[in-house]
Amino acid sequence: MVIGSPAGSTVVASGALAVVAAARAAANGTAVKDVYTFGQPRVANHAFHQELISLRDGRPVVRFRNHNDIVTYLPTTDAVFGYTHGPSDLIVHFGAQGH
């Protein structure tokens, strides 16, 4: 299992790195059963995410994010690079004061 968070001391890798590491491991023949990220920015285009899902027998990356966290919206989507999130997303909504 690859678990990532952008700023946690008890995790394996950052959110973005967790997705890239899972893709590389799966492409090299390592069975990657589950991928969970926390606060992950956009890391790749649609084709990358579809390939990762294909390598993992149709299972998407589960991405937890705080709706108020700006990092989860970066880099912005655009026609040049095509950055996007994968198809799975669990959003945590906090109140105006962050709770």
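Residues numbered from 1 in each chain as written. Predicted model: local features only at pLDDT ≥ 70, side-chain atom pairs only at ≥ 80, totals over all residues. Heavy atoms only, no water.

**Student:** How should I be thinking about the environment of P75 in this particular structure?
**Tutor:** Assignment of secondary structure puts P75 in the loop between β3 (62-66) and β4 (90-92). Note: C-alpha distance between P75 and A44 (31 residues apart in sequence) is 9.7 Å. (Helix = DSSP H or I, 4+ residues; strand = E, 2+ residues; numbered from the N terminus.)

**Student:** Looking at this structure, how should I read the pairing of β3?
**Tutor:** Each regular strand carries side chains that alternate between the two faces of the sheet. Pairing analysis gives three bridges linking strand β2 (residues 35-38) to β3, with the strands arranged parallel. Bridging across to β3, F38 finds its partner in F64. (Pairing = 2+ DSSP bridges.)

**Student:** Mind showing me how you'd approach the nonpolar core here?
**Tutor:** Burial of nonpolar side chains together is a common tendency in soluble globular proteins. One finds V19, A22, A23, A26, V32, V35, V43, A44, L52 and V61 forming the largest nonpolar core, which totals ten residues. Take this core: its biggest share by element is four residues, from helix α1 (residues 15-27). (Core = buried A, V, L, I, M, F, W, Y, C linked by side-chain atoms within 4.5 Å. Buried < 20%, exposed > 50% of the residue type's maximum accessible area, 1.4 Å probe, protein only.)

**Student:** Before we go on, may I ask you to explain the packing of aromatic side chains in this structure?
**Tutor:** Within a pair of aromatic rings, the relevant descriptors are the distance that separates the centres and the angle that separates the planes. Scanning all chains against the criterion turns up two aromatic pairs. Considering the side-chain rings of F38 and F64, the 4.9 Å spacing of their centres and the 10° angle between planes classify their relative orientation as stacked. With F38 in strand β2 and F64 in strand β3, the pair connects residues that are 26 residues apart, well separated along the chain. What makes F64 partly exposed here is its relative accessible area of 27%. (Phe/Tyr/Trp six-rings, centres within 6.5 Å; stacked < 30°, edge-to-face > 60°.)

**Student:** Can you help me understand a nonpolar patch on the surface in this one?
**Tutor:** Together, I70, V71 and L74 make up an exposed nonpolar region whose accessible area comes to about 250 Å². For L74, the location among the structural elements is in the loop between β3 and β4. Taking relative accessible area as the criterion, L74 reaches 39% and is therefore assigned partly exposed. (Patch = residues over 30% accessible without salt bridge, like charges linked within 9 Å, V, L, I, M, F, W, Y side chains within 5 Å. Areas by Shrake-Rupley, 256 points an atom, 1.4 Å probe, with all protein chains shown as cover. Salt bridge = Lys/Arg side-chain N within 4 Å of Asp/Glu carboxyl O.)

**Student:** What exactly am I supposed to notice about the side chain of H85 here?
**Tutor:** Mapped onto the elements, H85 comes out in the loop between β3 and β4. A distance of 2.8 Å separates a polar side-chain atom of H85 from the backbone oxygen of T72. In contact with H85, not counting residues within four places along its chain, are Q40, P41, R42, H49, R63 and T72. (Polar contact = N/O pair within 3.5 Å; in protein donor to acceptor, adjacent residues only side chain to side chain. Contact = heavy atoms within 4.5 Å.)

**Student:** Would you take a moment to explain α1 for this structure?
**Tutor:** Given 3.6 residues per helical turn, the α-helix brings residues three or four places apart onto the same face. A rise of 1.5 Å per residue sets the reference length of α1, with its 13 residues, at 18 Å; its end C-alpha atoms lie 19 Å apart and thus fit the reference within 8%. Of all the residues in α1, the buried ones are G15, A18, V19, A22, A23 and A26. Along α1, the residues classed as buried sweep out an arc of 130° about the axis, all on the same side. Residues of α1 that are exposed and point over 90 degrees away from its buried face: R24 and A27. G29 lies just past α1 and shows a positive phi near 95°. (Expected span 1.5 Å × (residues − 1). Arc of directions from axis to C-beta.)

Note that every value here comes from positions in space, so none of it alone points to a role or purpose.
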